[in-house]
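# Geometric and topological summary
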Amino acid sequence: MNERPVDAVADEADEAAPRRGLIAALEVIAAEAPAEGLTLHEFTQALGERAFGLMLFALAIPVCIPLLYGIPQIVSLPMIAIAVQMAMGRPEPWMPQRFGERRLRKSGLEQMAAGARKYFGWIETLARPRLLLLSGPTAERVVGAVFVIFIASILIPFPATNTLPGIGIAMASIGLITRDGLLVLAGIAIGIAWITLLLVGIAVFGPAFIDLFKDFIKGLLGVG
């Protein structure tokens, strides 16, 4: 296989993003990644643009995929570090070295790109600038603080419980990237609904709620 340097992948991703959108850029990165995959530092370098929304969207994709294990655990800690910086109002993200050295396999990158296209391709098509106040700098700090709560729920080591907060983060991130305040609101609403469901479910059913929710998700997906 002809493996290419990360800078070359970044150049192609930068060219793809303006023409066909963020998801196309992720597809380029996955297709051109070397066989051993990319570290998180290399992945963010390949993304090119250093916007918080861009990084959080890309890292949230594996979290959205139902019953996908391993990758969500790899990306969740860097996600929460990025969200905290976003809430603090930093101009651009910084990733600790111990997070940046974590490696995403090529197969994981391909799943990420495929999941982005499958679940969010239609949303990216509909996104447009509106309710701009909800995607500006002040709103971005508030959204970052809310994301910290969403990602904290992802860190809870329960199976089949990452999808809804991941979808909320990805959708709100698309809103930040495209300056679509309506998508920002929709993503936050999904995440808050999940947090509420989690707290109420555990309060009513106790730890058994997690097994009930896992069985419900598997039933929806037709997985035994």
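Provided above is the structure to which this section pertains.
Along each chain, residues carry numbers from 1 onward, in the same order as the chain's sequence is written. Under the rules for a predicted model, residues below a pLDDT of 70 receive no local features and side-chain atom pairs below 80 are neither given nor counted, while totals for whole chains, interfaces and linings still include all residues. Hydrogens and waters are ignored; side-chain quantities use all the structure's heavy atoms.

### A few points about helix 7 (residues 106-126)
Taking 1.5 Å of rise per residue, the 21 residues of helix 7 would be expected to cover 30 Å, and the 29 Å separating its terminal C-alpha atoms lies within 8% of that figure. When a residue's accessible area, from a 1.4 Å probe over protein chains only, is under 20% of the maximum for its type it is buried; when over 50% it is exposed; and in between it is partly exposed. Helix numbers and strand numbers start at the N terminus; a helix is a DSSP run of H or I with at least 4 residues, a strand a run of E with at least 2. Listed in full, the buried residues belonging to helix 7 are Lys-106, Gly-108, Leu-109, Met-112, Ala-113, Gly-115, Ala-116, Phe-120, Gly-121 and Ile-123. A helix is expected to span 1.5 Å for every residue after the first.

### With respect to the packing of aromatic side chains
By convention, a stacked pair of Phe, Tyr or Trp rings (six-membered ring in the case of Trp) has centres within 6.5 Å and planes under 30 degrees apart, an edge-to-face pair has planes over 60 apart, and any other such pair is tilted. In this structure the tally under the stated criterion is 2 aromatic pairs. Their ring planes at 40 degrees and their centres at 6.3 Å tell us that Phe-147 and Phe-150 sit as a pair that is tilted. With a gap of 3 residues between them, Phe-147 and Phe-150 both fall in helix 8 (residues 137-155), about one helical turn apart. With relative accessibility at 0%, the residue Phe-147 sits in the buried group.

### Thoughts on the nonpolar core
The definition of a nonpolar core used throughout is a set of buried Ala, Val, Leu, Ile, Met, Phe, Trp, Tyr and Cys residues joined through side-chain atoms within 4.5 Å. Among the nonpolar cores identified, the biggest contains 57 residues, and Phe-43, Phe-57, Met-79, Phe-120, Phe-147 and Ile-169 are the most heavily contacted of them. Secondary-structure elements contributing two or more residues to this core are helix 2 (22-32), helix 3 (40-47), helix 4 (52-64), helix 5 (71-88), helix 7, helix 8, helix 9 (163-178) and helix 10 (181-205). Looking at this core, the element that brings in the most residues is helix 4, giving 11 residues. With residues up to four places along the chain from it excluded, the contact list for Phe-120 reads Ile-23, Phe-57, Ile-61, Cys-64, Gly-115, Ile-167, Ala-170, Met-171 and Ile-174. Should any heavy atoms of two residues lie within 4.5 Å, those residues are counted as being in contact.

### Remarks on the pattern of salt bridges
A carboxyl oxygen of Asp or Glu within 4 Å of a side-chain nitrogen of Lys or Arg is what we treat as a salt bridge. Counted by the stated rule, this structure contains 2 salt bridges. One salt bridge in this structure joins Glu-27 and Arg-117, with 3.0 Å as the shortest N-O distance. Note that Glu-27 is positioned in helix 2 and Arg-117 in helix 7, a separation of 90 residues in sequence. Overall, Arg-117 belongs to the partly exposed group, its relative accessible area being 38%. Two residues, Asp-180 and Arg-130, come together in a salt bridge whose shortest N-O distance is 2.8 Å. With Asp-180 in the loop between helix 9 and helix 10 and Arg-130 in the loop between helix 7 and helix 8, this pair connects stretches of sequence that are 50 residues apart.

### A short note on helix 3
What helix 3 keeps buried is the set Leu-40, Phe-43, Thr-44, Ala-46 and Leu-47. Looking straight down helix 3, one finds that the buried residues subtend no more than 155 degrees of arc, so they occupy a single side. Each direction from the helix axis to a C-beta atom contributes to the arc, which is the arc of those directions.

### A short note on the packing of helix 2 against helix 7
One way to put it is that helix 2 packs onto helix 7 with a least axis distance of 9 Å and a crossing angle of 165 degrees. In terms of orientation, helix 2 and helix 7 fall into the roughly antiparallel class. Here helix 2 runs over helix 7; the crossing is left-handed. For the pair formed by helix 2 and helix 7, the contact residues are Leu-22, Ile-23, Ala-24, Leu-26, Glu-27, Ala-30, Ala-31 and Glu-32 on the first element and Lys-106, Leu-109, Glu-110, Ala-113, Ala-116, Arg-117, Phe-120, Gly-121 and Glu-124 on the second. Here the residues of the contact of helix 2 with helix 7 sort into 10 nonpolar, 1 polar and 6 charged. Every axis corresponds to a line fitted to the C-alpha atoms, with the helix fit spanning only the stretch in contact, and the corresponding angles, defined between N-to-C directions, vary from 0 to 180 degrees. By the definition adopted for this analysis, an angle is roughly parallel if under 35 degrees, roughly antiparallel if over 145, roughly perpendicular if from 65 to 115, and oblique otherwise. A crossing counts as left-handed when the near helix is turned anticlockwise from the far one by less than a right angle, and as right-handed when that turn is clockwise. Polar here means any residue outside two lists: the nonpolar Ala, Val, Leu, Ile, Met, Phe, Trp, Tyr, Cys and Pro, and the charged Asp, Glu, Lys and Arg; Gly therefore counts as polar.

### Regarding the environment of Thr-44
When you line up the elements, Thr-44 lands in helix 3. Judged by its relative accessible area of 8%, Thr-44 falls in the buried class. For the pair Thr-44 and Leu-54, spaced 10 residues apart in the sequence, the C-alpha separation amounts to 9.3 Å.

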